Amino acid sequence: RLTVHPRYDLTVNHQKICTYIADFEYRDKGGCRHVEDFKGVLTPVFKLKRKLLKVLWGIDVEIVTAKGILK
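**Q** Explain the environment of I63 to me, and be specific about the residues and the numbers.
**A** Secondary-structure assignment places I63 in strand β6 (residues 61–65). In this structure the C-alpha to C-alpha distance between I63 and V35, which are 28 residues apart in sequence, comes to 8.6 Å.

Okay, here's the thing in structure tokens:
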């Protein structure tokens, strides 16, 4: 169950702030959701969207870089 470029609307108080688009989403054998984003640079905008996604959707984005996976 691999989804490429899944979209998540980030809405606060019924007002859409922005959309977060990850690189991949998949479910493991146990049914747990994994959202991954490949990054060369962790920009301030990405960091803010990642925090909003965690608060609004309860999703922790797994960051993949050339050096490996960051949590």
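**Q** Give me the lowdown on the pairing of strand β4 (residues 24–27), citing residues and values where you can.
**A** Bridge analysis of strand β1 (residues 2–4) against β4 gives 3 bridges, and the strand direction is antiparallel. Note that in β4 the partner of V4 across the bridge is F24. Relative to strand β5 (residues 33–38), β4 is paired through 4 bridges, and the arrangement is antiparallel. Across the sheet, F24 pairs through a bridge with E36, a residue of β5. Count of turn residues in the β4/β5 antiparallel hairpin: 5 residues, of which G31 carries a positive phi of about 90 degrees.

**Q** Can you tell me about the packing of aromatic side chains, naming the residues and giving the values?
**A** Taken as a whole and assessed by the stated rule, the structure comprises 4 aromatic pairs. Measuring from ring centre to ring centre gives 5.2 Å for Y8 and W57, while their planes differ by 80 degrees; the resulting arrangement is edge-to-face. Placement of Y8 in strand β2 (residues 7–12) and of W57 in helix α1 (residues 44–57) is noted, with a sequence separation of 49 residues between them. Judged by relative accessible area, which is 43%, W57 ranks as partly exposed. Chaining the aromatic ring pairs together yields one cluster made of Y8, Y20, F46 and W57.

Scoring rules and cut-offs
- Residues numbered from 1 in each chain as written.
- Predicted model: local features only at pLDDT ≥ 70, side-chain atom pairs only at ≥ 80, totals over all residues.
- Heavy atoms only, no water.
- Helix = DSSP H or I, 4+ residues; strand = E, 2+ residues; numbered from the N terminus.
- Pairing = 2+ DSSP bridges.
- Phe/Tyr/Trp six-rings, centres within 6.5 Å; stacked < 30°, edge-to-face > 60°.
- Buried < 20%, exposed > 50% of the residue type's maximum accessible area, 1.4 Å probe, protein only.

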